[in-house]
Amino acid sequence: MMSVATTCIVSCFLLSGCNGQKQIDSSTIEYINLKEDVHLEDNTTSPACKMTIDYAYLAEKNGNDTIAHKINHTVQSTILGKKYAEMEPQAAIDSFKNVYVREYRNSVADLYKEDVKNGTSKDELPSWYNYEYSLTTQFKDGKEGVLNYTAVTFEYSGGAHPNQWENWLNFDKNTGKRLTLKDVFMAGSETPMSKMLLEKLIKEMATKLHAEDQQLLRDSFILSGPLYENGNKIEGYRYHTKFVRNQKLWVAYTLYYPESCKSALTRLFGQIDRWEI
C-alpha cells in the first residue's frame, strides 16, 4: 500500500456572534430546496447524479431593497458562480442544476453507452458513473451589525474520494457590503494575525492527523506520523505530508507508505519536502 494524494483546504474567516444575540427575523430569509436523482438515460436503471441543494437567500421586499439584493448577488456569485449573479435565486438554482447535469452527462454518457454495448453487467459497471452533489447553506446573526453566511459543498465526480469544502461570508447589515480582513482588523495586524492562524492550523492538523513530527517552513509545513483511518490506527503504515500555501488555499501533497519500506523511499521524501507551488 503506497500512494500519493493531494488535498485543498480553503482558508477563510467567520465573525460569529455571542449567545443571546438577537436572531435574524425569519421572515427575511427564504429557502430553495432541491432533491433529485438525474439518470444518465431516460430510465431509472441507468446510473444517476444525486443532487441535494438547501439554498438560503434574503427576501427582497421591493425593487428598492438594495441591501438584500447586494447580499444575494454576492452569495450567488461566490457560491454558484459569476454567471448566476444577476439571476433571481430560483432561476439561478434551476440554471445551476441544469448546467451541472448537462456536464455530468457529457462527461460519462458515451463511456456508459460503450460499456452497455460491450455487454458489461450492472454489477460490473464502475461506481464513478454515479455522481453526487450537495450544497447546504445558512444565514446566522454574527457580531452586532454583521450577518454570516455559511455554504458547505460535497461533491463526488469520479475518482477514489469525494471532495468537500466550505465558504464563509460576512456582510455589513446596514450596507450589504461583504466584509474583508481590512474591514475587521487594524492596519498592520495582518502579519501577526496570519502567523497566529498558521500556528492554529498546524496544531489543529497535527492533532487531527496524529502527527509525531512537525516542521514549519516559509508558507508551508510538514507533518508525519502513523496512519489512521476512521480513528483506528493502521499498524505498519505511516504518512508524510507537506502543506503549501497558494493564495487562499492550502494544498497538501501526501505519501502513504509501509513503515518497513521507509529506508527505500528517501527520494520520494525529498521530492515532497522540496515541492512548491
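Residues numbered from 1 in each chain as written. Predicted model: local features only at pLDDT ≥ 70, side-chain atom pairs only at ≥ 80, totals over all residues. Heavy atoms only, no water.

Enquirer: Which residues make up the overall build of the protein, and what values go with them?
Expert: Within the protein, the regular secondary structure consists of 5 helices and 10 strands. Within the protein, the fraction of its 277 residues that count as buried is 37%. Of the contacts formed within the protein by residues at least 6 apart in sequence, a portion of 51% connects residues at least 24 apart. Carbon and sulfur atoms make up 49% of the accessible area of the protein, which amounts to about 17300 Å² in all. (Helix = DSSP H or I, 4+ residues; strand = E, 2+ residues; numbered from the N terminus. Buried < 20%, exposed > 50% of the residue type's maximum accessible area, 1.4 Å probe, protein only. Contact = heavy atoms within 4.5 Å. Areas by Shrake-Rupley, 256 points an atom, 1.4 Å probe, with all protein chains shown as cover.)

Enquirer: Summarise the pairing of strand 3 (residues 48-58); cite the residues concerned and give the values.
Expert: Most of strand 3 is tucked away, with 8 of its 11 residues classed as buried. With 11 bridges connecting them, strand 2 (residues 29-39) and strand 3 associate as antiparallel partners. Within strand 3, the position partnered with Val38 by the bridge is Cys49. Relative to strand 4 (residues 131-141), strand 3 runs parallel, the two sharing 6 bridges. By the bridge assignment, Thr52 is partnered in strand 4 with Ser134. (Pairing = 2+ DSSP bridges.)

Enquirer: Talk me through the side chain of His39; I want residue IDs and the actual numbers.
Expert: Mapping His39 onto the fold places it in strand 2. Each residue touching His39, except ones within four places of it in the same chain, is listed here: Thr44, Ser46, Pro47, Ala48 and Arg105.

Enquirer: Residue-level account of the confidence of the model for the protein, with values.
Expert: Summarising the model, the protein shows a mean pLDDT of 87, and 90% of its residues fall at 70 or more. Put simply, strand 1 (residues 3-10) is where the protein has its lowest mean pLDDT, 48, and strand 3 is where it has its highest, 96. Below a pLDDT of 50 lies the segment residues 6-12, which in the model reaches 20 contacts outside its immediate sequence neighbourhood of four places, other chains included. Here residues 17-24 is modelled with pLDDT under 50, and outside its nearest four sequence neighbours on either side it reaches 16 contacts, counting other chains as well. (pLDDT = per-residue confidence, 0-100.)

Enquirer: Can you break down helix 2 (residues 89-117) residue by residue, with the values?
Expert: Its 29 residues give helix 2 an end-to-end C-alpha distance of 41 Å, which sits within 8% of 42 Å, the value for a rise of 1.5 Å per residue. Maximum bend of helix 2: about 40°, positioned at Val108. One or two positions beyond helix 2, positive phi appears at Gly119, with a value near 85°. (Expected span 1.5 Å × (residues − 1). Bend = angle between axes of the 7 residues up to and from the residue.)

Enquirer: I'd love a proper account of the packing of aromatic side chains, names of residues and values included.
Expert: What the rule picks out here adds up to 13 aromatic pairs. Taken together, a centroid distance of 6.5 Å and an interplanar angle of 25° make the contact between Tyr55 and Tyr57 stacked. Here Tyr55 and Tyr57 have matching classes, each one buried. Here Trp128 and Tyr129 contribute two aromatic rings whose centre-to-centre distance is 4.6 Å and whose plane-to-plane angle is 55°, an arrangement assigned as tilted. Note on Trp128: relative accessible area 33%, which makes it partly exposed. In textbook terms, an aromatic cluster arises when at least three aromatic residues are bridged by ring pairs, as seen for Tyr84, Phe96, Tyr100 and Tyr133. (Phe/Tyr/Trp six-rings, centres within 6.5 Å; stacked < 30°, edge-to-face > 60°.)

Enquirer: Kindly report on a nonpolar patch on the surface, identifying the contributing residues and their values.
Expert: A contiguous nonpolar patch, built from Leu181, Val184 and Phe185 and spanning about 210 Å² of accessible area, is present on the exposed surface. Examined against the element boundaries, Phe185 turns out to sit in the loop between helix 3 (181-184) and helix 4 (190-208). For Phe185, a relative accessible area of 31% translates into the label partly exposed. (Patch = residues over 30% accessible without salt bridge, like charges linked within 9 Å, V, L, I, M, F, W, Y side chains within 5 Å. Salt bridge = Lys/Arg side-chain N within 4 Å of Asp/Glu carboxyl O.)

Enquirer: I'd like to hear about helix 4, residue by residue, with values.
Expert: The end-to-end C-alpha distance of helix 4 is 26 Å, a good match for the 27 Å that 19 residues give at a rise of 1.5 Å each. Three or more residues of helix 4 are buried, namely Leu198, Leu201, Ile202, Met205 and Ala206. The buried side chains of helix 4 occupy one side of the element, clustering within an arc of 125° when seen end-on. Facing away from the buried side of helix 4 by more than 90 degrees, the exposed set consists of Lys200, Lys203, Glu204, Thr207 and Lys208. Remark: His210 follows helix 4 within two positions and exhibits a positive phi of approximately 55°. (Arc of directions from axis to C-beta.)

Enquirer: Give a description of the sheet that holds strand 6 (residues 163-172) that names residues and reports values.
Expert: Across the sheet, which stays open at both edges, the 5 strands sit in the order 2-3-4-5-6 with mixed pairing between neighbours. Looking at strand neighbours, the two that pair on one side only are strand 2 and strand 6, the edges of this open sheet. With direction set aside, neighbouring strand axes in the sheet form an average angle of 10°. Sitting on the sheet, helix 2 touches strand 2, strand 3, strand 4 and strand 5 (146-156), and the angle it makes with strand 3 is about 160°. (Axes fitted to C-alpha atoms, helices over the stretch in contact; angles between N-to-C directions.)

Enquirer: Provide a residue-level description of the nonpolar core, including the pertinent values.
Expert: Grouped together as the largest cluster of nonpolar side chains are 39 residues, with contacts concentrated most on Ile53, Tyr55 and Tyr149. Only strand 2, strand 3, helix 1 (66-80), helix 2, strand 4, strand 5 and strand 6 provide two or more residues apiece to this core. In terms of residues, this core owes the most to one element, helix 2, which gives 10 residues. Residues contacting Ile53, with those up to four places away along its chain left out, are Ile32, Asn33, Leu34, Ile93, Phe96, Tyr133 and Leu135. Leu198, Leu201, Ala211 and Leu223 belong to the second largest nonpolar core, which has 13 residues in total. (Core = buried A, V, L, I, M, F, W, Y, C linked by side-chain atoms within 4.5 Å.)

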